Amino acid sequence: MPRSPSSLRASAKAQATAAQAKDIDAQLASADRHCLDHGLKLTSGRKAVLQALLRRGGTAKAYELLADLQSGGASVAPMAVYRSLDFLVAHDIVHKVASNSSFVYCQHDHHRHHEPSFLICERCGSATEWDAEGCHAVVAQALKATGFAVHGIEIQGLCAGCAQTDKLTTPATRGNR
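These numbers were taken from a predicted model, which means no experiment stands behind them.

Participant: I tried to follow a nonpolar patch on the surface on my own but got confused; where do I start?
Facilitator: Taken together, the side chains of Leu119, Trp130 and Ile155 define a hydrophobic patch exposed on the protein surface, amounting to about 230 Å² of accessible area. Along the chain, the position of Trp130 falls in strand 5 (residues 127-130).

Participant: Would you take a moment to explain the pattern of salt bridges for this structure?
Facilitator: Working definition: two side chains of opposite charge can pair if their charged atoms are close together. For the structure on display, the rule yields 1 salt bridge. Put simply, Asp68 and Arg56 hold a salt bridge, and the shortest N to O gap is 2.6 Å. In this pair, Asp68 is assigned in helix 3 (residues 62-71) and Arg56 in the loop between helix 2 (44-55) and strand 1 (59-61), connecting sequence segments 12 residues apart. Residue classification places Arg56 among the partly exposed positions, given a relative accessible area of 37%.

Participant: What is the right way to look at the sheet that holds strand 6 (residues 153-157) in this model?
Facilitator: By way of backbone hydrogen bonds, the strands of a sheet pair with one another, either parallel or antiparallel. Taking strand neighbours across the sheet as the criterion, the 3 strands line up as 5-4-6 in an open arrangement whose pairing is mixed. Both outer strands of the open sheet, strand 5 and strand 6, are each paired with one neighbouring strand and no more. Put simply, the sheet's adjacent strands are angled 25° from each other on average, direction ignored.

Conventions adopted
Residues numbered from 1 in each chain as written. Predicted model: local features only at pLDDT ≥ 70, side-chain atom pairs only at ≥ 80, totals over all residues. Heavy atoms only, no water. Patch = residues over 30% accessible without salt bridge, like charges linked within 9 Å, V, L, I, M, F, W, Y side chains within 5 Å. Areas by Shrake-Rupley, 256 points an atom, 1.4 Å probe, with all protein chains shown as cover. Salt bridge = Lys/Arg side-chain N within 4 Å of Asp/Glu carboxyl O. Helix = DSSP H or I, 4+ residues; strand = E, 2+ residues; numbered from the N terminus. Buried < 20%, exposed > 50% of the residue type's maximum accessible area, 1.4 Å probe, protein only. Pairing = 2+ DSSP bridges. Axes fitted to C-alpha atoms, helices over the stretch in contact; angles between N-to-C directions.

Written out as structure tokens, the structure reads:
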């Protein structure tokens with residue numbers, strides 16, 4: 001007997017959720033290995049903050065993570081979340097995006113690597129780490145004469161989802177935003 005479209009959607013969603021959980025488990029294990037390799041400890045509090053960040057797709061603000069952790073009934077102090085984020089940033093597991101105060105999970109195996117570059121959506125606020133070694137080198141070279149040292153690049157614009165929505169918006173509607 002053929003399955004209904006709604007049961008197919010539910011099955012696909014369950015498979016996606018299972019795949020996401022597997023990815024999160026792998027990312028947590030990678031962070032734990034990184035800490036062990038460097039004589040550090042990924043405490044249960046730090047792990048909970050990292051897991052909350054990963055559940056949000058790898059990008060979130062501190063207060064969003066705090067709300068997520070507290071929604072489970074846990075008594076979590078804001079400073080505990082900030083201290084955990086400071087640790088994760090200091091040890092290259094997470095990056096901080098200065099322009100919107102968000103945190104992004106590092107996609108580069110947690111090693112000291114290139115200066116991070118981020119694509120930041122002006123509409124939805126998403127921040128994505130962008131591997132743009134060549135771009136960073138060009139900017140650093142262009143600024144060399146000024147003596148300005150580049151420590152990351154943040155590019156503002158529209159993410160693919162918001163840009164697509166923008167394309168679908170009629171010109172008459174655009175003027176009313």
